Amino acid sequence: RTYHLQSPHPNILKCTMASTAPKRLRMALIGVGRIGSVHLVSIKHHDRISLRFIVDEDVARASELAAAVPSGQCAPLPTTAALLERAGEIDAAVVCTPTLTHFGIVMELLNAGVHVFVEKPLSLKVAEIDAAYNLAKEKSLTLLTGYQRRFDPNFGAVAHAVHSGKVGKVHLMRSTSRDNPVPSVHFLKTSGGILHDCGSHDIHLVRWVVGEDPTEVSCFGSCFNEDIAALDDSDTIVMSLRFPSGALASIDLSRHACYGYDQRIEVHATDGMLQAENQRPTTIVHSSASGRSVDANDFSFPQRYRVAYETELRHFADSVLDATPLNVSHQDVRTVAIIADAATEALKTRKPVQIQYRA
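What counts and what doesn't
Residue numbers run consecutively from 1 along every chain, following the written order of its sequence. Confidence filtering applies because this is a predicted model: local features only for residues at pLDDT of at least 70, side-chain atom pairs given and counted only at 80 or more, and all residues used for totals across whole chains, interfaces and linings. Values reported for side chains reflect all heavy atoms of the structure, with hydrogen atoms and water molecules removed beforehand. Here's how the labels work: a residue is buried when its accessible area is under 20% of the maximum for its type, exposed when over 50%, partly exposed in between, all with a 1.4 Å probe on protein chains only. Strands are runs of DSSP state E lasting at least 2 residues, helices are runs of H or I lasting at least 4, and numbering of each runs from the N terminus. Each C-beta atom gives one direction from the helix axis, and the arc is the one those directions make. In what follows, a contact means two residues having at least one pair of non-hydrogen atoms within 4.5 Å. Here a polar contact means two N or O atoms within 3.5 Å. Within protein one must be a hydrogen donor candidate and the other an acceptor candidate, and residues neighboring in sequence count only if both atoms are side-chain atoms. Aromatic rings from Phe, Tyr and Trp, taking only the six-membered ring of Trp, are treated as a pair when their centres fall within 6.5 Å; an angle between ring planes under 30 degrees marks them as stacked, one over 60 as edge-to-face, and anything in between as tilted. Consider the ring centre and the ring normal. A charge sits over the ring if Lys NZ or Arg CZ is within 6 Å of that centre and within 35 degrees of that normal. A cavity, in this analysis, means grid points on a 1 Å lattice covering only the protein atoms where a 1.4 Å probe fits yet has no way out; a pocket is instead an open set bounded by protein on both sides within 12 Å along at least five of seven lines, and a residue lines either one if it has an atom within 4 Å of a point. Grid points are joined across faces, edges and corners, and a volume is the space filled by probe spheres set on the points. By this definition, two strands are paired if DSSP reports at least two bridges between them. To define axes, lines are fitted to C-alpha atoms, for helices over the stretch in contact only, and angles between the resulting N-to-C directions are given on a 0 to 180 degree scale. Here the nonpolar core consists of buried residues drawn from Ala, Val, Leu, Ile, Met, Phe, Trp, Tyr and Cys, with membership extended through side-chain atoms lying within 4.5 Å. Each salt bridge in this description consists of a side-chain nitrogen of Lys or Arg and a carboxyl oxygen of Asp or Glu lying within 4 Å of one another. One less than the residue count of a helix, multiplied by 1.5 Å, gives the span that helix is expected to have.

1. So, helix 6 (residues 153–163)
- Turning to helix 6, its buried residues are F155, V158, A159, A161 and V162. Along the axis of helix 6, the buried positions cluster into a sector of 160 degrees, meaning they face one direction only.
- Packing partners of the buried residues in helix 6 comprise strand 9 (170–178), helix 8 (194–210), strand 13 (262–269), strand 14 (272–276) and helix 10 (301–304).
- Here helix 6 starts with a cap whose side-chain oxygen sits 3.1 Å from the backbone nitrogen of N154, and that cap is D152.

Shown next as structure tokens:
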């Protein structure tokens, strides 16, 4: 609160009080499945967000979750169409629906004047990515695509050390991503495939840390899971990238890590090496006559990236409310899609592919 002193008479001071309570972002959450449930936790505890709507085709679940929002101001809705009818009641929306619905919903929200945070991939098509970001720019709206690893403090520290020259010239970077548990077939059917769904995270991370866009990609894949093979997808990938500076990067992906969620990166450079290791529930090391033991890795992505998801959401809210620049740009998102497309071609042809960054 601020206090203003007014002087209608030289000998009289009048004190008035004006409220300057911080503005809260009126938000809708669209989809409360795997990732939507993660974002719901962050939204409910965010001091600059007021959750007004939860949208999900499972109306009973949406109603139950809306009733549990502390503010008491959240209502359930069955469809995005129902939300658009009430678009004037929100400032922003978080889109966590199946992959292939992202682009259409984002365009509807932007046309309704709503700021958007959409889970990746925004689209599997570069032209659609461009269309969404161009529309956001035209309407002066914030559009953030969710690459949460950009907000992980461990990976961020590695990137900062590389960019500040702490380890010298990068020679090689490695990124490992192995899922736990195996995603459901229901999810995988509409995920866009392992390269756009899972691999896009690593592509985004590697090009950010190295600070360059690769010129060439090779990619090999196998499938050991019969259900995933039936979808004509791979569950195990090795990808190699070559950068203009001569630096190389390797990415290995798997849909199954029985020992817990496995997310590691390593940078080898002229003046040293940087590693960001897996996280565990505790740092306890138990030593005994039979050996040493530690906790298993964090179970899955909600545990491993809890801080990253919270930071990412705050970044989005700050961008809308304070006009702070986004650190995941249109160029970042379209470039990742182009590289994932080239990797898909390399996987199919079993030949290296020169990456063409079309305008």
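2. Considering the packing of aromatic side chains
- On inspection of all chains with the given rule, the structure shows three aromatic pairs.
- Between F117 and F316, the ring centres sit 5.6 Å apart and the planes meet at 45 degrees, which makes this aromatic pair tilted. Of this pair, F117 sits in strand 7 (residues 115–119) while F316 sits in helix 11 (residues 306–322), and the two are 199 residues apart along the sequence. Taken as a pair, F117 and F316 share a single burial class, namely buried.
- Here the aromatic rings of F155 and Y305 are separated by 6.4 Å at their centres, their planes lie at 55 degrees, and the arrangement is tilted. Placement of F155 in helix 6 and of Y305 in the loop between helix 10 and helix 11 is noted, with a sequence separation of 150 residues between them. When sorted by exposure, F155 lands in the same class as Y305, which is buried.
- Three or more aromatic residues link up through ring pairs in this structure, and these residues are F155, Y261 and Y305.
- If you follow R34 out to its NZ or CZ, it ends over the ring of F187, 4.1 Å from the centre.
- When the ring centre of F155 is taken as origin, the NZ or CZ atom of R304, which lies over that ring, is 5.2 Å away.

3. Some words on empty space enclosed by the protein
- Throughout the structure, instances matching the rule amount to two cavities of 30 Å³ or more.
- As a volume, the largest cavity reaches approximately 40 Å³.
- Forming the boundary of the largest cavity are P121, S123, I129, Y147, H196, S200, V333, V336, A337 and A340.
- At the level of secondary structure, the elements contributing two or more residues to the lining of the largest cavity comprise helix 8 and helix 12 (330–349).

4. Brief notes about the sheet that holds strand 5 (residues 75–77)
- Spatially, six strands are ordered 5-4-3-6-7-8 in an open sheet, and the strand pairing comes out parallel. The open sheet is flanked by strand 5 and strand 8 (143–146), the only strands paired with a single partner. Across the sheet, the mean angle from the axis of one strand to that of its neighbour is 20 degrees, orientation sign disregarded.
- Sheet analysis places strand 3 (residues 25–30) next to strand 6 (residues 92–95), joined by four bridges and oriented parallel. Directly across from M27, in strand 6, lies its bridge partner A92.
- Sheet strands touched by helix 2 (residues 59–67): strand 4 (49–55) and strand 5. Its angle to strand 5, the strand with the most contacts, is close to 160 degrees.

5. Some details on the nonpolar core
- Counting 106 residues, the largest nonpolar core has I54, L143 and M239 as its most contacted members.
- With sequence-adjacent residues up to four places away left out, M239 is seen in contact with L195, I203, V217, S218, C219, A249, S250, I251 and A343.

6. Describing the pattern of salt bridges
- Applying the stated criterion across every chain, the model contains 20 salt bridges.
- Put simply, R334 and D130 hold a salt bridge, and the shortest N to O gap is 2.8 Å. Taken as a pair, R334 in helix 12 and D130 in helix 5 (residues 126–138) lie far apart in primary sequence, 204 residues in all. D130 carries the same exposure label as R334, and that label is buried.
- Salt bridges sharing partners connect three or more residues here, namely K120, D179, D197 and R255.

7. Section: helix 5
- Between the first and last C-alpha of helix 5 there are 18 Å, a value that for 13 residues agrees with the 18 Å anticipated at 1.5 Å per step.
- Within helix 5, burial applies to V126, I129, D130, A132, Y133, L135 and A136.
- Considering only its buried residues, helix 5 is in contact with helix 4 (102–111), strand 8 and helix 12.

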